[in-house]
Amino acid sequence: LETPDSGEVYVAGRPTLSMNDNARTALRRSHIGFVYQFHHLMPEFSAEENIVLPQMIAGLPRAEASARARELLSFLGLESRAHHRPAELSGGEQQRVAIARALANAPRVLLADEPTGNLDPKTADHVFATLISLVKASRVAALIATHNMDIAARMDRRVTIKDGRVAEV
């Protein structure tokens, strides 16, 4: 999203600096999934529709997008909540829908910024476990930023940043 101060950023072997905004957006949509601390679901749409929409924007027919959404919701234990709007879901359920949405277009990389930061410890543990399970099942690389050291300890690799510098690998 940001232009680097120096160097070049490559995504899927393609340099991004020379791309226009539409090309970078298309590249992000097809190769990178995002999960934020706050779910950012569209309140007027159901859980399933929140997962279907990014797929349809990427060009998938509605029937295929709906089938993929139902598959992801089932994997996350939310099949019975598919037709509920975000306001009818718990915080943990909303975040699991956001995770499904991030992985709906089968990205190669998932970027998650404090994906459990707004959840109580028990719910955070459950959401994180399902996130990791889905990441492994999808065979997607995940970069997860967190201040929660219990969650960080469960990752395959940890990088600590202190005062803007890599302090520990």
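Shown above is the structure to which this text applies.
Visitor: Can you walk me through the sheet that holds strand 4 (residues 109–113) in this structure?
Guide: Across a sheet, paired strands are connected by hydrogen bonds in the backbone, their directions being either parallel or antiparallel. Taking strand neighbours across the sheet as the criterion, the three strands line up as 3-4-5 in an open arrangement whose pairing is parallel. The open sheet has two edge strands, strand 3 (32–35) and strand 5 (141–145), and neither has a second partner. For this sheet the average axis-to-axis angle between neighbouring strands, irrespective of direction, equals 15 degrees. Bridging between strand 3 and strand 4 involves four bridges; their strand directions are parallel. Bridge pairing in strand 4 links F34 to L111. Against the sheet, helix 1 (residues 21–31) touches strand 3 and strand 4, its axis set at about 80 degrees to strand 3. Lying over the sheet, helix 5 (residues 121–138) contacts strand 4 and strand 5, oriented at roughly 155 degrees with respect to strand 5.

Visitor: Explanation requested: the pattern of salt bridges in the structure shown.
Guide: Oppositely charged side chains can form a pair if their charged atoms are brought close together. Taken as a whole and assessed by the stated rule, the structure comprises five salt bridges. Here D21 makes a salt bridge to R24, at a shortest N to O gap of 3.8 Å. Taken together, the positions of D21 and R24, both in helix 1 and three residues apart, correspond to about one turn of that helix. Residue class for D21 comes out partly exposed when judged on its relative accessible area of 47%. The partner of R81 in a salt bridge is E93, and the shortest N-O contact between them spans 3.2 Å. A residue pair is termed long-range when its members are at least 10 positions apart, and R81 in the loop between helix 3 (62–75) and helix 4 (91–103) and E93 in helix 4 qualify at twelve residues. Its relative accessible area of 22% is what places R81 among the partly exposed residues. By relative accessible area, which is 15% here, E93 ends up buried.

Visitor: So what exactly am I meant to see when it comes to the pairing of strand 5 here?
Guide: Regular strands show a simple pattern: their side chains alternate between the two faces of the sheet. Here strand 4 pairs with strand 5 via five bridges, running parallel. The residue of strand 5 that forms the bridge with L110 is A142. Regarding topology, helix 5 serves as the crossover connection from strand 4 to the parallel strand 5, and that connection is right-handed.

Visitor: How should helix 1 be read in this particular structure?
Guide: For an α-helix, 3.6 residues make a turn, and residues three or four places apart therefore share a direction. Those residues of helix 1 that sit buried are L27, R28 and H31. Buried residues of helix 1 fall within an arc of 100 degrees about the axis and therefore sit on the same side. Contacts made by the buried residues of helix 1 are with strand 1 (10–11), strand 2 (14–15), strand 3 and strand 4.

Visitor: Is there a simple way to think about the nonpolar core in this case?
Guide: Burial of nonpolar side chains together is a common tendency in soluble globular proteins. One finds I51, V97 and L110 to be the most contacted residues of the largest nonpolar core, which totals 34 residues. Of all the secondary structure elements, the ones that give two or more residues to this core are helix 2 (47–57), helix 3, helix 4, strand 4 and helix 5. The leading source of residues in this core is helix 5, at seven residues. Setting aside its immediate chain neighbours within four residues, I51 contacts A69, L72, L73, V97, A100, R101 and A104.

Visitor: Explain the packing of aromatic side chains to me, please; I cannot follow it from the model alone.
Guide: Given two aromatic rings, their pairing is described by the distance between the two centres and the angle made by the two planes. As enumerated under the stated definition, the model contains one aromatic pair in all. With a centroid separation of 6.2 Å and 5 degrees between ring planes, the pair formed by F34 and Y36 is classed as stacked. A residue is classified by how much of its surface remains accessible, and F34, at 23% relative accessible area, is partly exposed.

Rules behind the numbers
Residues numbered from 1 in each chain as written. Predicted model: local features only at pLDDT ≥ 70, side-chain atom pairs only at ≥ 80, totals over all residues. Heavy atoms only, no water. Pairing = 2+ DSSP bridges. Helix = DSSP H or I, 4+ residues; strand = E, 2+ residues; numbered from the N terminus. Axes fitted to C-alpha atoms, helices over the stretch in contact; angles between N-to-C directions. Contact = heavy atoms within 4.5 Å. Salt bridge = Lys/Arg side-chain N within 4 Å of Asp/Glu carboxyl O. Buried < 20%, exposed > 50% of the residue type's maximum accessible area, 1.4 Å probe, protein only. Right-handed = clockwise from strand over helix to strand, strands pointing away. Arc of directions from axis to C-beta. Core = buried A, V, L, I, M, F, W, Y, C linked by side-chain atoms within 4.5 Å. Phe/Tyr/Trp six-rings, centres within 6.5 Å; stacked < 30°, edge-to-face > 60°.

Interpretation note: all reported values are geometric properties and have no functional meaning in isolation.
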